[in-house]
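If you want the building blocks of each chain, they are given just below.
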Amino acid sequence: MRARGRLGRMTTIAVLGAGRIGEALLSGLLQGGRPAAELVFTEKHPDRAAALSERYGVRGLSVPDAAACADVLVVAVKPQDIEPLLDELAPVVEPSTLVVSLCAGLPTSLFEKRLPEGTPVVRVMPNTPMLVGQAMSAVSAGSHAGPEHLDLVEELLSPVGKVARVPESQQDAVTALSGSGPAYFFYLVEAMIDAGILLGIPRDLAGQLIIQSAVGAAAMLAEGGQHPVILREAVTSPGGTTIMAIRELEKHGVRAAMLAAIEAARDRSVELGRAHEDH
Ligand SMILES: NC(=O)C1=CN([C@@H]2O[C@H](COP(=O)(O)OP(=O)(O)OC[C@H]3O[C@@H](n4cnc5c(N)ncnc54)[C@H](OP(=O)(O)O)[C@@H]3O)[C@@H](O)[C@H]2O)C=CC1
Ligand SMILES: O=C(O)[C@@H]1CCC=N1
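Residues numbered from 1 in each chain as written. Chains lettered and ligands numbered in written order. Predicted model: local features only at pLDDT ≥ 70, side-chain atom pairs only at ≥ 80, totals over all residues.

**Student:** For the sheet that holds strand 4 (residues 72–75), give the residues involved together with the corresponding values.
**Tutor:** Here we have eight strands laid out as an open sheet, ordered 3-2-1-4-5-6-7-8, and mixed in their pairing. Looking at strand neighbours, the two that pair on one side only are strand 3 (59–60) and strand 8 (161–165), the edges of this open sheet. Here strand 1 (residues 13–16) pairs with strand 4 via four bridges, running parallel. What sits directly across from isoleucine 13, in strand 4, is valine 72. The strands touched by helix 6 (residues 147–157) are strand 1, strand 4, strand 5 (98–101), strand 6 (121–125), strand 7 (135–141) and strand 8; relative to strand 7, the strand with the most contacts, the crossing angle is about 170°. (Pairing = 2+ DSSP bridges. Helix = DSSP H or I, 4+ residues; strand = E, 2+ residues; numbered from the N terminus. Contact = placed C-beta atoms within 7 Å. Axes fitted to C-alpha atoms, helices over the stretch in contact; angles between N-to-C directions.)

**Student:** Tell me about the nonpolar core, and name the residues and values.
**Tutor:** By size, the foremost hydrophobic cluster in this structure holds 55 residues, and its most contacted members are Ala14, Val15, Leu73, Val74, Val75 and Val100. With near-sequence residues (within four places) excluded, valine 100 lies in contact with Val72, Leu73, Val74, Val75, Val122, Val124 and Val153. (Core = buried A, V, L, I, M, F, W, Y, C linked by C-beta atoms within 7 Å. Buried ≥ 20, exposed ≤ 12 C-beta atoms within 10 Å, placed from the backbone.)

**Student:** Lay out the domain arrangement of the protein with the relevant residues and their values.
**Tutor:** Once the domains are mapped, the protein shows domain 1 (13–166) and domain 2 (181–272). The straight-line distance from the C-alpha centre of domain 1 to that of domain 2 is 32 Å. Between domain 1 and domain 2, the residue contacts involve seven residues of the former and five residues of the latter. Considered class by class, the residues forming the side of domain 1 that touches domain 2 number four nonpolar, three polar and no charged. (Domains from an automatic or database assignment. Nonpolar A, V, L, I, M, F, W, Y, C, P; charged D, E, K, R; others polar.)

**Student:** With reference to specific residues and values, describe the UniProt feature "domain: Pyrroline-5-carboxylate reductase catalytic N-terminal" (unreviewed entry) in the protein.
**Tutor:** Here, UniProt's "domain: Pyrroline-5-carboxylate reductase catalytic N-terminal" (unreviewed entry) annotation points to residues 12–105. Counting secondary structure, residues 12–105 comes out at 40% helix and 19% strand; the distance between its end C-alpha atoms is 26 Å. (UniProt positions renumbered as here; feature names shortened; annotations may be inferred.)

**Student:** A description of the UniProt feature "domain: Pyrroline-5-carboxylate reductase dimerisation" (unreviewed entry) in the protein should follow, citing residues and the corresponding values.
**Tutor:** When the UniProt feature table is mapped onto this chain, "domain: Pyrroline-5-carboxylate reductase dimerisation" (unreviewed entry) is found at residues 168–272. Structurally, residues 168–272 is divided into 82% helix and 0% strand, and its ends, taken at the C-alpha atoms, are 15 Å apart.

**Student:** Pulling in residues and values, what's your account of the site of ligand 2?
**Tutor:** Residues in close proximity to ligand 2 include Ala104, Thr175, Gly179 and Ser180, which together make up its full environment. Across the shell around ligand 2, the residue classes break down as one nonpolar, three polar and no charged. (Near = placed C-beta within 6 Å.)

**Student:** Give a detailed account of the site of ligand 1, specifying residues and quantitative values.
**Tutor:** Taken together, 26 residues lie near ligand 1, and Gly17, Gly19, Arg20, Cys103 and Ala104 sit nearest. Elements that contribute at least two residues to the shell around ligand 1 include exactly helix 1 (20–31) and helix 4 (82–89). With three residues, helix 1 is the single largest residue contributor to the shell around ligand 1. In the shell around ligand 1, the residues fall into 13 nonpolar, eight polar and five charged.

**Student:** Quick one: what's the story with the pairing of strand 6, residue by residue and with numbers?
**Tutor:** Where burial is concerned, most of strand 6 is hidden: five out of the five residues are buried. Here strand 6 shows two buried faces, one formed by Val121, Arg123 and Met125 and the other by Val122 and Val124. Bridge count for strand 5 against strand 6 is three bridges, and the pairing is parallel. Bridging across to strand 6, valine 99 finds its partner in valine 121.

**Student:** I'd love a proper account of the environment of serine 269, names of residues and values included.
**Tutor:** Relative to the assigned elements, serine 269 resides in helix 12 (residues 254–274). The spacing of serine 269 and leucine 156 is 113 residues in sequence and 25 Å in space, taken between C-alpha atoms. With near-sequence residues (within four places) excluded, serine 269 lies in contact with Ala104, Gly105, Asp172, Thr175 and Ala176.

**Student:** Before we move on, could you go through the packing of helix 7 (residues 171–179) against helix 12 and cite the residues and values that matter?
**Tutor:** Running from amino to carboxyl end, helix 7 crosses helix 12 at an angle of 135°, the nearest separation of the two axes being 8 Å. Comparing their axes, helix 12 and helix 7 come out oblique. Crossing of helix 7 over helix 12 shows right-handed handedness. Side by side, helix 7 and helix 12 meet where Asp172, Ala173, Thr175, Ala176 and Leu177 of the first sit next to Ile262, Ala265, Arg266, Ser269 and Val270 of the second. Taken together, the residues of the contact of helix 7 with helix 12 break down into six nonpolar, two polar and two charged. (Parallel < 35°, antiparallel > 145°, perpendicular 65-115°, else oblique. Left-handed = near helix turned anticlockwise from the far one by under 90°.)

**Student:** Can you explain the environment of valine 163? Please cite residues and give values.
**Tutor:** In this structure, valine 163 sits in strand 8. Between the C-alpha atoms of valine 163 and valine 15, which are 148 residues apart in sequence, the distance is 19 Å. Contacts of valine 163, omitting those with residues within four sequence positions, involve Ser137, Val139, Glu154, Leu157 and Ser158.

**Student:** Would you mind going over the environment of lysine 162 in detail, with residue names and values included?
**Tutor:** Its place among the elements puts lysine 162 in strand 8. For the pair lysine 162 and glycine 133, spaced 29 residues apart in sequence, the C-alpha to C-alpha distance is 8.7 Å.

What follows is the structure, encoded as structure tokens:
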């Protein structure tokens, strides 16, 4: 069995599938101080692999070579692409290797069924603010993963954001909330910038006004410790402008739309997992 170093010393991490979230993880880990020599990745497209190696100084390998040199395998392919990857991994993974799945919807039991008996699996739902060291990641242990594996994963992800431990039964809901969450905020910002255009404000200025308002509001939420209702009420002056906007948001069912949207995302996560039940 390979000698396993503690994370932060010599632990090699292989990112399998260096797409959007895989690249965000590589980039975030490097920015967080992890040496490039401790990171490898696999990628289907040679051109993209070469571009990533050039950009980050990290080696692109085949799946068997990555499995042979890594202590931690981070699976970051689309859930729909998991079957061929598991076929490739099953004969080359050592049961001492920690497998970390970032895949929406896929239960740890799917990996446990397909990989060598006893392989520890940790399911993680991160999000793209990892690129700027501000990820929210939720982690859950599979049946062969213990607290030491969760500690390793938490240590791995801490430099790129915050980490919460959740029961695996909550991972589909977490995926809908924080996994997809950044997209909802980007969507709102996009819509608010469009409102600026409607009111005759140039796009650059509208962007600046809205983005800095979002940054300021996020900082108040994160640092002030006050409930969002209190913060919103403090902006909403009696007989003023904000309440007129809030009335329109209520009239158009924005709160109900948000509840339905996040429920639909949760349902899709469940469905992505069920698609592999027969394998
Ligand atoms: N994007 C996000 O915000 C988040 C995504 N996730 C999860 O992360 C995973 C990846 O998502 P995302 O980064 O958006 O997807 P991407 O499609 O951007 O990235 C996946 C990458 O893996 C490549 N790939 C597919 N199969 C293999 C294989 N067998 N070996 C090596 N590389 C392979 C894909 O190539 P090709 O394009 O040719 O198929 C693609 O480049 C998903 O499971 C998703 O649920 C989790 C949290 C947030
Ligand atoms: O949209 C998706 O399926 C992935 C999972 C969470 C965020 N993006």
